[in-house]
Amino acid sequence: PVVATMIPVVNVQLRQNVPNPFNPTTQIQFVLTGRQHVVLSVYDSNGRLVRTLLNDVRNSGEQNVTWDGRDGAGRTAASGIYFYRLEAGSFNESRKMLLLK
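Residues numbered from 1 in each chain as written. Predicted model: local features only at pLDDT ≥ 70, side-chain atom pairs only at ≥ 80, totals over all residues. Heavy atoms only, no water.

**Focus: the layout of surface pockets**
(1) Moving on: Reported here for the largest pocket is a volume of approximately 160 Å³.
(2) Moving on: Surrounding the largest pocket, 14 residues form its lining, Asp-44, Arg-48, Val-50, Ala-77 and Tyr-82 being those nearest its centre.
(3) Moving on: In the lining of the largest pocket, the residues fall into six nonpolar, four polar and four charged. (1 Å grid on protein atoms, 1.4 Å probe; cavity = no way out; pocket = protein on both sides within 12 Å on 5 of 7 lines; lining within 4 Å. Points joined across faces, edges and corners; volume = space filled by probe spheres on them. Nonpolar A, V, L, I, M, F, W, Y, C, P; charged D, E, K, R; others polar.)

**Some thoughts on the side chain of Thr-26**
(1) Moving on: Structurally, Thr-26 is set in strand S2 (residues 26–32).
(2) Moving on: For Thr-26, a relative accessible area of 1% puts it in the buried group.
(3) Moving on: Separated by 3.0 Å, the side chains of Thr-26 and Asn-17 make a polar contact.
(4) Moving on: The contacts of Thr-26, once residues within four sequence positions are left out, are Asn-17, Val-18, Pro-19, Val-65, Thr-66, Trp-67 and Met-97. (Helix = DSSP H or I, 4+ residues; strand = E, 2+ residues; numbered from the N terminus. Buried < 20%, exposed > 50% of the residue type's maximum accessible area, 1.4 Å probe, protein only. Polar contact = N/O pair within 3.5 Å; in protein donor to acceptor, adjacent residues only side chain to side chain. Contact = heavy atoms within 4.5 Å.)

**Quick look at the pairing of strand S7 (residues 91–99)**
(1) Moving on: Of the pairings in the sheet, the one linking strand S6 (residues 80–88) to S7 comprises nine bridges and is antiparallel in character. The partner of Arg-85 across the bridge, within S7, is Ser-94. (Pairing = 2+ DSSP bridges.)

**Considerations on the environment of Asn-55**
(1) Moving on: Along the chain, Asn-55 falls in strand S4 (residues 49–58).
(2) Moving on: By relative accessible area, which is 52% here, Asn-55 ends up exposed.
(3) Moving on: With near-sequence residues (within four places) excluded, Asn-55 lies in contact with His-37, Val-38 and Val-39.

Put into structure tokens, the structure is as follows:
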């Protein structure tokens, strides 16, 4: 008998930012397999929101968002470790990045 194997469908993929470490800008890439609402945010090492980079509906495919190293008020962020988090449907993943000046 033939047994069907279920291949998990990857709906969203969050990639490591490039370059990392960075100064003053970095690119954050992610992939969507369908149109959906996404939120991409940057947090400091204490878990405080630094800036929301994206809060919008995006089409499927590769997405590229630039962070210019500034907070929500336009101030330059300090050197250090930051985390970026992507939320899309039930997907929620964070990655670490390093801002060096």
